[in-house]
Each structure stands twice: as structure tokens, then as C-alpha cells.
Amino acid sequence: MSLIASAEAAVRPTGHPWAGVMPQAPTKPLPFSSSAAGWRKLCYLAAALVCILHPLRAFQSVISDDAFIAFRYAKHLAGGMGLTWNPGDPPLEGFTSPLHVLLLSAGIRIGLDPLPLSQVLGLLGSLLACLGASWIARELSAEDPRAAPLAALGLSLSTPLAAWSRGGLETALFTGLLGCAVAIWLRKNRDLGPRWLPALLFFIATLSRPEAVLIAAVAFAFDAVSPLRSAGRGSSPLQLGGDWWLYGALMAFYLGWKLFYFGDLLPNTYYAKAGAGLPSLKSGLIYSLRFFQAYGAVNLLLAIVPLSFFRLPRKTALSFLLCCIGLYTLHVTWIGGDYSYFGRYLVPILPMLISLSAVGAILLWERTRGVRQVPRFGIAFMVLGASCLQLSAGSLGEVRDRPFLLFRPWHLLDSIPAPGDPFASLFRPDYIHMGKALHDYFPPDRTVACLAVGAIGYYSDRPILDLLGINDRRIARLPIETNRFESWSTGHMKGSAEEVLSRRPDYALLDIRGSDTPSVDPPEAIRRKYPFVDDLLKSPRFRSEYHLESCALPDGGWMNYYRRSDAPRVSCTIRTDPAQPPHPG
């Protein structure tokens, strides 16, 4: 036995759940001692309050245009038209979260607005994520109560979770469901709780986003090859089947239904965002590195601490979390990350990552037991302070750049700000104005081709041709001509001028924003970002069949669009033709 092992054995308390990693806590209830229940309750309360107030101050009006895609599917489902992008078309899975769409559809059926409802779901998901992080930390430390509240508080301070809890997407809900599923699986491996429950939670998480399959696969693999089997506590083949038959049966039914209903096992979004190869990998590496850089060096170092100090059986739980984090990050890296801010695709690993950091902080606290009390507390608060600042750095940057965020009115549920509202700087309502103009003035049975289809599609309630393929089966499967792009925009690189000309939409919006000037082509930046737009505008056929027109928007801007020659003019156009009166809408 080594000298270090002998010393640990000498101070190891009998029956201590950390098996010698953490010595027995002192009797005096210091803030980080195992007997300081009051401090822990205060930490939990602070985590719950921060989880609610943090996004309301820093990200009150951060609404993603992609959220309105789910709203449109949910509205059609609630109206009895099925999961279709355009009424009358075959069903299409142009979304990544069936659970999110189902919940929104249920809310629409009882008269709720999907925008505030999605923010309620985001808030609940954030609270669930903090709960999941605390459970994971508690399981990782084998019921030691000190790391759990630190994990919950750390996650509540995290900028990515706060931002995307207000974005209208499924990110926060998925993060919460996945975190709880991981925690319950860890608990099951200590023979606590129903053994079938993790399988059910993993399936619910899979309904929220398909990436949950990756984590469920890691959990299944660990059950199958658990080193505890040799000690008689692991999963025999019969027990393994008993633990996972429910997930397998539900997934078989779910995949069979998807194949029958949609005609595909994978969502259409996968095909729209895949196919770039090595350029996508390069973009994904940059995306992942930036996320971990934003997470902070202090937090990463704390997360590494358990690697040095943990022993079996806790090392199995640690290995499981590291495999989950690694596999999920590799997946996001391979698909190229995401175009949006604050690392949306990697938010789901935060409960696992922050629980590791919280446990690392407690381990370091125990390892400094021989240090005098005042320096010990000073170092602890410096480390935790740096950790908190790094986790919330993005939010602090938003408040620094937009000081009015601290003084704006409080709205737990935030609707789209009115035009001219100075508090709306984090959301430009161009898309909503354009969608409503299409609804009010354009014929209901005519197809409109768009680049940005979220709010425009939801508010227009018109047939929409998605030029980037997220909601179009044919465009989604087109190859990506990577050599034509000056800059990388993950998930927004499909498109074809030939496809547009063959589909012959009645109207085409080839800009992603309203314009200050009527009757002008899209700017060069758009033509460089989307090469097929440049191909269209250079096409003699397009120029001969389509005519540039403009529609006035409520904010004083213009919606410039191209009308096919035989399509009706609309009453909002600034150009009129006596031979063809405008369509009244």
C-alpha cells in the first residue's frame, strides 16, 4: 500500500459514501460543511430565483425565428390538418421536437398563444434542468449533500440556458428532461428507485430532441459492460432486458409510426443541415471550442478535479458523464454546430458539466482541510466567484451593452414588442410585419417562396416554399456546393435556382429583412451568403417571368418581393396596373 493510500485509510470514516475521498466534515456548520443544511436551503432558493430572474433581465425579448416554425406546425395540428407545413401537403417533420410541438398544439386547442406558452415551457425546462444538475451532483457524490445546491446555482447563472429559456424553442425543456433522465439512471445504478424509470425518461427526452438517443445508448452500454457485474451488483442479460425493454418497445413503435406517417426515420431538418462534409467539421470544431472557452477555465479545471480524486464505484458514474459529454460534443462538432448565439446545441450538456464542476469544488474544499480557516474561505470564495462570473459572462455583457435591460418593465411572459419600442432591440419584428402583410394582402391560395420562414410562415398563414429546405423535402436533399460560399452558415446552405424556377412560386421574397428602399434587389451580402439567390437574379428566365414590386410595412420599411407575371397583384403594392386591379387580400 502506498503512503498516500495509507494516509487516506487512516482518516477514512467508516461507511462514508465517498469511500475515503472526502474526510468527515467538521462539527461546526461552516458554509461548505455537510451539516450546514441552512446554507444549502438558501443556495437552492437562490438558484430558483436566479433561474427565473436571470433571463427576464438579460434576455427578455430574445425570440428565435425558428420557434415560429414549431408554432406553425402546432397550429396546423390543432386545426386538424396534421403535422404539415402547408395545409394539404403530405406530413413533414420540419421540426426537431415532437414533444414541443404536441405541447404547443394542446395549448392552442384551449386558446393559448404559443409564444408565451413556449416561454412558460422554457422556464419550466430551466427549473427542471437545475433540479437535474443538483440530482446528478448528488448521485456523483453518493448522497453527499454539498455539491447539489452548488450545481443548481451554477446552472441558473449559465448564460446559454438563460438565453434559450426565452427563445421559444425546446432547448431548455430538452436540457431539463435529459438532465433528469441521467440523474435517475445514476440513481438506478445504486439500486435505488424503479429500474424501468430511466428508460421511460430517456424516451420522453428523445421525443423532445432525437439527440437523447446518444445518451441513452451510452447508458445502455454502461449497463451492459458495468464493472460491477463481477461483484454481483451489475446487470445480468435478463436484468439488462428488464431495464431497457420499455425504451426499446416505445422506440420501435415511435420509429414505425414516423416511417408510416412521415416516410422517414430522421426529421427533415437533418437532411437540410447535413451533407457538407469536412467544412462542416471545421465549423463544428470552432463552435465547440468557443462554447468551452465561454464556459470558463475555472469551471473546466473544477470539472477535471474528480478525475484525480475519484475511486470506484463513483468512478463509474464519472466515466459515464464524461462519455456522455464527449459523445454529445463530437456529434455537435460533426454536424457543424449551429448558426445562432450562446452555443444552443451544447446547452444540454451543461447539467452534467456543471455538476462535475460543483463536485470538483467540494473535493478541493476537502483537500484544503489543513489550511487555516481565513485563507481557506478566501480561496473558496475567490474560486466560486470566478466560476460564477465566467458562467454568467455573456449575460453581463448583454447588460453592459444594453443598460436599459436592468430597468425595463417586468414581464414573466413576453409578447413580441411593439414597433418603435426601445426595449425591442433584441428582437427585430420585420418578419412579423412581413408575415402579416402577406396574410392581409396576398391571395390565400398562392405560394410564397421565402428564405426566413418562421414568423413569416406563422403569421401569413399562406402556402410557403422554404428556399433553404428546412420545410421542403426536395430542397433538403440537394447537395451543398461548398466552394460557392464565402462564409459558413450551418443549416442554411441548401438551395437551388433551378428548383425555384421549376416550382414556379407565385411570389418570392429573396431578402431576409425589410428594406428601407422600395423596389430594390436584395443587397450583395444576401447574394454572397445565398449563392442561389444570385443565380436567380442573374437568370434571364427569372427576370422575364417575375417582376419586382414592393409592399409598405407598418414600421415605414418595405417588403420587396418578386411577383410571377400571371399572379395577381396585391393591394399593398406601390405599383398599379389599370389592366389588372390589385387583389384585395
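If you're wondering where the values come from, they're calculated on a predicted model, not measured in any experiment.

Draft legend 1. Spatial organisation of the overall build of the protein. The number of helices and strands found in the protein is 25 helices and 5 strands. When each of the 585 residues of the protein is scored for burial, the buried share is 55%. When contacts within the protein are restricted to residue pairs at least 6 apart in sequence, those whose partners lie at least 24 apart make up 72%.

Draft legend 2. Focus on the sheet that holds strand 1 (residues 448-450). Ordered in space as 2-1-3-5-4, the 5 strands form an open sheet in which the pairing is mixed. What marks the edges here is a single partner per strand, and that holds for strand 2 (464-466) and strand 4 (546-552). Neighbour to neighbour, the strand axes of the sheet diverge by 30° on average, direction disregarded. Relative to strand 5 (residues 558-564), strand 4 is paired through 7 bridges, and the arrangement is antiparallel. What sits directly across from Leu548, in strand 5, is Tyr562.

Draft legend 3. Seen up close, the packing of helix 16 (residues 350-367) against helix 17 (residues 373-391). The contact between helix 16 and helix 17 brings their axes to 11 Å, and the two run at 170°. Between helix 16 and helix 17, the interaxial angle falls into the category roughly antiparallel. Packed against helix 16, whose contacting residues are Ile354, Ala361, Trp365 and Glu366, the element helix 17 presents Arg376, Phe377, Ala380, Leu384 and Leu391 at the interface. Of the residues belonging to the contact of helix 16 with helix 17, the class tally is 7 nonpolar, no polar and 2 charged.

Draft legend 4. Representation of the side chain of Ser357 in the model. Within the element layout of this structure, Ser357 appears in helix 16. Look at Ser357 and you get buried, because its relative accessible area is 4%. Sequence-distant contacts of Ser357, defined by excluding residues within four places in its chain, comprise Tyr295, Asn299, Leu302 and Ala303.

Draft legend 5. Molecular detail of the pattern of salt bridges. Across all of its chains, the model carries 26 salt bridges by this definition. Ionic pairing is found between Arg477 and Asp264, a salt bridge with its closest N-O pair at 2.9 Å. With a gap of 213 residues between them, Arg477 in the loop between helix 21 (473-476) and helix 22 (497-503) and Asp264 in the loop between helix 11 (237-261) and helix 12 (268-273) connect regions that are remote in the sequence. When the shortest N-O distance is used, the salt bridge between Arg527 and Asp534 registers 2.8 Å. Comparing Arg527 with Asp534, the two get one shared label, buried. One salt-bridge network, in which partners are shared between bridges, spans Lys188, Arg195, Asp223 and Asp243.

Draft legend 6. How the structure looks around the packing of helix 3 (residues 67-78) against helix 4 (residues 98-109). Between helix 3 and helix 4, whose axes approach to 8 Å, the crossing angle comes to 55°. Taken as axis vectors, helix 3 and helix 4 run oblique relative to one another. Here helix 3 and helix 4 pass one another in a crossing that is right-handed. In this structure, helix 3 uses Ala70, Phe71, Tyr73, Ala74, Lys75, Leu77 and Ala78 to contact helix 4, whose residues at the interface are His100, Val101, Leu102, Leu104, Ser105, Ile108 and Arg109. When grouped by side-chain class, the residues that make up the contact of helix 3 with helix 4 number 10 nonpolar, 2 polar and 2 charged.

Draft legend 7. Up close: the nonpolar core. Counting residues in each nonpolar core, the largest one holds 149 residues, and the members touching the most others are Phe202, Phe320 and Met559. When sequence neighbours within four positions are dropped, the list of residues in contact with Met559 reads Met434, Ala437, Leu438, Phe442, Leu509, Glu549, Ser550, Cys551 and Leu553.

Draft legend 8. Structural view of the pairing of strand 5. By the criterion of burial, strand 5 is predominantly enclosed, with 6 of the 7 residues buried. Pairing analysis gives 2 bridges linking strand 3 (residues 507-509) to strand 5, with the strands arranged antiparallel. Its bridge partner lying in strand 5, Tyr507 is registered against Arg563. In this structure, the hairpin formed by strand 4 and strand 5 is closed by a connection of 5 residues, where Gly556 is found at a positive phi of approximately 95°.

Draft legend 9. Main features of the environment of Ile456. Looking at where Ile456 falls in the secondary structure, it is placed in helix 20 (residues 454-460). Between the C-alpha atoms of Ile456 and Met434, which are 22 residues apart in sequence, the distance is 6.1 Å. Dropping the residues within four chain positions of it, Ile456 is found in contact with Tyr431, Met434, Gly435, Leu438, Cys450 and Leu509.

The rules we used
- Residues numbered from 1 in each chain as written.
- Predicted model: local features only at pLDDT ≥ 70, side-chain atom pairs only at ≥ 80, totals over all residues.
- Heavy atoms only, no water.
- Helix = DSSP H or I, 4+ residues; strand = E, 2+ residues; numbered from the N terminus.
- Buried < 20%, exposed > 50% of the residue type's maximum accessible area, 1.4 Å probe, protein only.
- Contact = heavy atoms within 4.5 Å.
- Pairing = 2+ DSSP bridges.
- Axes fitted to C-alpha atoms, helices over the stretch in contact; angles between N-to-C directions.
- Parallel < 35°, antiparallel > 145°, perpendicular 65-115°, else oblique.
- Nonpolar A, V, L, I, M, F, W, Y, C, P; charged D, E, K, R; others polar.
- Salt bridge = Lys/Arg side-chain N within 4 Å of Asp/Glu carboxyl O.
- Left-handed = near helix turned anticlockwise from the far one by under 90°.
- Core = buried A, V, L, I, M, F, W, Y, C linked by side-chain atoms within 4.5 Å.

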